[in-house]
Each structure stands twice: as structure tokens, then as C-alpha cells.
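As a plain string of letters, each chain reads:
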Amino acid sequence: MAHISLKNIEKVYPNGFKAVKNFNLEIEDNEFIIFVGPSGCGKSTTLRMIAGLEDITDGELLIDGIRMNEVEPKDRDIAMVFQNYALYPHMSVFDNMAFGLKLRKMPKEEIKAKVEEAAEILDLGPLLDRKPKQLSGGQRQRVAMGRAIVRSPKVFLMDEPLSNLDAKLRVQMRTEISKLHQRLNATIIYVTHDQTEAMTLGTRIVVMSDGIMQQVDTPTNLYDKPDNLFVASFIGSPQMNFIVATFEEKNGKGVLLFEGHEIQIPDYKTKVLKENGYLDKKVMMGIRPEDLYDPDLSLKPLTQKLHVTVSVYEMVGSEVFLYFDLLGTSLTARVDPKTKARVNDNISLLIDADKIHIFDLNTELKIVD
């Protein structure tokens, strides 16, 4: 497969809009890299620059050490899977998958062998004679992937390939793509706005916002150790809860004060906050919904509490979401479905202070987690 280097990559359009800013990334051989972020963050533009479908304004793109900035898309040895499948409606599944190989004047027997091998991998064998209109959305997407696989490229590029599928099919296809990566040992770069796709598929994830790379890390580290407020709020569903609090020291212990609450934090968090000059200053406290517990059901020996009034109760099968307001902000707790809490109940939720994340209010960067 391939090693890809993106060095100080920028994309500026003729109207002056800067879509991608100073993008630096090393993608190792056989990695499954995900670009994730909200619409307009620059993730698809970056992918299209790697493919050669967008010119690079500044910076350098290397594939296996060779500069690719001026190389034509067809000569980059990459294959792209698009959101809309881009199948030829008048051609059979076999001919759609074989099309690129025929253009290369590959011998018929070799084309047949490659298409049948890809069809076996993707469970498309019985469908090779059908036309795209006779296929389901998931089957069409597998054909689009098959067309990429038969070329045996160095790099697979996937631009929101599952966004046109329904929820059940998306879950199915996520599994298929994951198996495909393991089977092909391929380098895959995958663009999505769906964080669940990103967290379940990627070996590493690039989180983007406003054309800027916010953090590159494993799914676990992105979730547990977000670098800034954007990553903390974007990764996780429901998203992390945020509360503006004042950091003070009482009886040698660090506490976060807000709306009648005094939450004592672990000594190591106190030490970092004091050393960085945050004593008696406001900070942003973050806590994930699953780190708030119903006191009647929690097995953890926790004593810190949030006193709240439940405004919305949502039962989603294996868990319950309780929504409440603090300091004019809607917050969420993810609790055991055995909870007795209901709408308008005044409850005290246990808070796991070890799991509190603390961010600078001005820079929005992490101070300590």
C-alpha cells in the first residue's frame, strides 16, 4: 500500500476563501484514517486534493516519497468511492466493476478474474448480471467499492460513502468496510460527518473545523482526552456537558464553584490549575453524560452531587437520558433505565470528579483532564 505525507497543505479559492489551512499529516501504510467534522470544515476538500480533483494552493503532497501536486488523478494510483455511487445505469454490475480495467486495455481473462475476486469479497457474485436500478442502496455501494477494489490501488479514498443509506444499512456497511480493510490491508482515507462512523472505523481520526485540524488521535484518546472545547463537544453523543465555574482553594483542596454547587476536584487537577495561574478565575468544566449517576443505582463510592430538576426524560432501551438546566444551559445525564427519576423531579446526581475535564475559557484549550 502507501505512505502519504501532507505538508503545510492549504486550499484558497479565487474569491479568497481559505477552505483548508496549514494541514500537516503523516498517514502510515495500511492505516484507516478518518476525516470528521461538521459540513464546510474542509474534510472533503482535503480528500479531493489528495485525489487530484482539487488543486493544492500551497504545501506539498507526497505518496511514498514522490511529490504528487502536479500529477494527474489517473496517475496517482488511488481509487475513490463517492457518496452517490457514480454507477453507469446502462451497464451490468460486472461491466461497472470492469470499466476502469477495460480502459487500461487489460486482458479479458485478467479482468474476469479480478472482478470475480472482488465480487466474492463483497458478496456480489449472484448480482453480476444485474443493472444498478435492480439493486438496493447497499448493493450499489458495494458495487462502487468493488470497482475501486479491482484496480488494486495504493490508496482508497471514500467520501461519505454511506450517507445515502438508511440507519440499518449504514451499520451493516460499516461492518463490511471494516472487514474489507482487514482483508485488503489497504490504506484508506475516509470522510464523514458522522462521528459514530468515525469512532467505529478509524485507527486514527482527524477532527476538523473551519479548515483547521483540531486534533489527530485514536478514537479512545479523542473521547477521553480532547485537546479543546470543539473536540470535546463534537465527539460523543449526547455531547459533553459544559458549565462555567470558578476555581478556588478551600482547606487545601481545589473546588469548582457554580450556581450553589461546590465540586471538589482531585489533587492532581488542583495542582495543574494552580501552577497555570487559574486560582480564583473562571474556567469551563466539562463532564460526559455517563459520568453522572443516579445515587440510588450507582455502584461507585461517589459523594459529589449536582442538584437539578429533570425537564425531559428519554427512554432509549438500554439507557435513559435525563435533561436538565443549569446556568441557562441544557445538560444531560445518561443513567440506568431502572431510574425512578421523571419529569419535574428534583434529584441529586452523583458526579465522578475524576472524569471532569477543565478548559480555558478564552483559548478553549484543555488545561487538565
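Below, the structure is looked at part by part. Quantities reported herein were computed from a predicted structural model and do not represent experimental measurements.

## So, the overall build of the protein
- A count of helices and strands for the protein gives 9 helices and 21 strands.
- Expressed as a percentage of the 369 residues in the protein, the buried residues total 50%.
- Taking as baseline every contact in the protein between residues at least 6 positions apart, the subset at least 24 positions apart corresponds to 67%.
- For the protein, the computed accessible surface area is about 17,500 Å², with 48% contributed by carbon and sulfur atoms.
- The average position of the 46 basic charges and that of the 53 acidic charges among the side chains of the protein differ by 5 Å.

## Brief notes about the nonpolar core
- Ile34, Met97, Phe156, Ile177, Tyr190 and Val207 are the most contacted members of the largest nonpolar core, which has 47 residues in total.
- Look past the residues within four positions of tyrosine 190 in its chain and what remains in contact with it is Phe32, Ile33, Ile34, Phe35, Met158, Pro161, Leu162, Ile177, Glu197 and Leu201.
- In terms of nonpolar packing, the next biggest core, distinct from the first, is built from 32 residues, Ile263, Val283, Phe324 and Leu326 among them.

## Considering helix H9 (residues 267-275)
- Restricting attention to buried positions, one finds in H9 the residues Lys269, Thr270 and Leu273. Down the axis of H9, the buried set is contained in an arc of 100 degrees. They therefore lie on one face. Turned more than 90 degrees away from the buried face of H9 sit Lys271 and Glu275, all of them exposed.
- In the core, the buried residues of H9 are packed alongside strand S11 (241-250), strand S12 (253-258), strand S14 (281-287), strand S20 (357-359) and strand S21 (366-368).
- Glycine 277 sits one or two residues past H9 and shows a positive phi near 80 degrees.

## Remarks on the layout of surface pockets
- Here the largest pocket defines a volume of roughly 560 Å³.
- As for the largest pocket, its lining consists of 19 residues, and the residues nearest its centre are Ile78, Ala79, Met80, Gly100 and Arg151.
- Within the residue set of the lining of the largest pocket, elements represented by two or more residues are strand S6 (78-81), helix H2 (93-103) and helix H4 (137-149).
- For the lining of the largest pocket, the leading source of residues is H2, giving 4 residues.
- A breakdown of the residues in the lining of the largest pocket according to their chemical character gives 13 nonpolar, 2 polar and 4 charged.
- Lining of the second largest pocket is provided by 13 residues; of these, Asp224, Asp291, Asp354, Lys355 and His357 occupy positions nearest its centre.
- The set of elements that each furnish at least two residues to the lining of the second largest pocket consists of helix H7 (219-224) and H9.

## A short note on the pattern of salt bridges
- Summed over all chains, the structure comprises 20 salt bridges.
- A salt bridge links arginine 48 to glutamate 54, with the shortest nitrogen-to-oxygen separation between them at 3.7 Å.
- Residue arginine 48 is classed as partly exposed on the basis of its relative accessible area, which comes to 28%.
- According to the relative accessible area criterion, glutamate 54 is buried, its value standing at 17%.
- Through salt bridges with shared partners, one network takes in Lys11, Arg48 and Glu54.

## Considering the sheet that holds strand S5 (residues 66-67)
- Pairing is antiparallel across the open sheet formed by 4 strands, whose spatial order is S2-S1-S4-S5. Unpaired on one side and paired on the other, strand S2 (18-27) and S5 mark the two borders of the sheet.
- Note that strand S4 (residues 58-63) and S5 share 2 bridges and pair antiparallel. Residue pairing for S5: leucine 62 is matched across the bridge by arginine 67.
- Each of strand S1 (4-12), S2 and S4 is contacted by helix H1 (residues 43-51), which is oriented at about 120 degrees to S1, the strand it contacts most.

## Observations concerning the packing of H2 against helix H3 (residues 108-121)
- It is at 10 Å that the axes of H2 and H3 come closest, and there the two elements cross at 135 degrees. Judged by the angle between their axes, H2 and H3 are oblique. Considering only the axes of H2 and H3, their crossing is right-handed. Judged by residue contacts, Phe94, Met97, Ala98, Leu101 and Lys102 of H2 engage Ile111, Lys112, Lys114, Val115, Ala118 and Ala119 from H3.
- Per-class residue counts for the contact of H2 with H3 are 8 nonpolar, no polar and 3 charged.

## Some words on the packing of aromatic side chains
- Applying the stated criterion to the full structure yields 5 aromatic pairs.
- Measuring from ring centre to ring centre gives 5.9 Å for phenylalanine 32 and tyrosine 190, while their planes differ by 50 degrees; the resulting arrangement is tilted. Taken as a pair, phenylalanine 32 in strand S3 (residues 32-36) and tyrosine 190 in strand S8 (residues 187-192) lie far apart in primary sequence, 158 residues in all. We note that phenylalanine 32, like tyrosine 190, is buried.
- Here tyrosine 88 and phenylalanine 99 contribute two aromatic rings whose centre-to-centre distance is 4.8 Å and whose plane-to-plane angle is 55 degrees, an arrangement assigned as tilted.

## Examining the sheet that holds strand S9 (residues 204-209)
- Reading across the sheet, the 6 strands line up as S6-S7-S8-S3-S9-S10 and stay open at both edges, with mixed pairing between neighbours. Edge positions in the sheet fall to S6 and strand S10 (212-217), since each of these pairs with one other strand and no more. In this sheet, neighbouring strand axes are inclined to one another by 15 degrees on average, regardless of whether the strands run parallel or antiparallel.
- Direction of pairing for S3 relative to S9: parallel, over a ladder of 4 bridges. Note on S9: the bridge partner recorded for phenylalanine 35 is valine 206.

Conventions used here
Residues numbered from 1 in each chain as written. Predicted model: local features only at pLDDT ≥ 70, side-chain atom pairs only at ≥ 80, totals over all residues. Heavy atoms only, no water. Helix = DSSP H or I, 4+ residues; strand = E, 2+ residues; numbered from the N terminus. Buried < 20%, exposed > 50% of the residue type's maximum accessible area, 1.4 Å probe, protein only. Contact = heavy atoms within 4.5 Å. Areas by Shrake-Rupley, 256 points an atom, 1.4 Å probe, with all protein chains shown as cover. Lys, Arg positive; Asp, Glu negative; His and termini not counted. Charge placed at Lys NZ, Arg CZ, Asp CG, Glu CD. Core = buried A, V, L, I, M, F, W, Y, C linked by side-chain atoms within 4.5 Å. Arc of directions from axis to C-beta. 1 Å grid on protein atoms, 1.4 Å probe; cavity = no way out; pocket = protein on both sides within 12 Å on 5 of 7 lines; lining within 4 Å. Points joined across faces, edges and corners; volume = space filled by probe spheres on them. Nonpolar A, V, L, I, M, F, W, Y, C, P; charged D, E, K, R; others polar. Salt bridge = Lys/Arg side-chain N within 4 Å of Asp/Glu carboxyl O. Pairing = 2+ DSSP bridges. Axes fitted to C-alpha atoms, helices over the stretch in contact; angles between N-to-C directions. Parallel < 35°, antiparallel > 145°, perpendicular 65-115°, else oblique. Left-handed = near helix turned anticlockwise from the far one by under 90°. Phe/Tyr/Trp six-rings, centres within 6.5 Å; stacked < 30°, edge-to-face > 60°.

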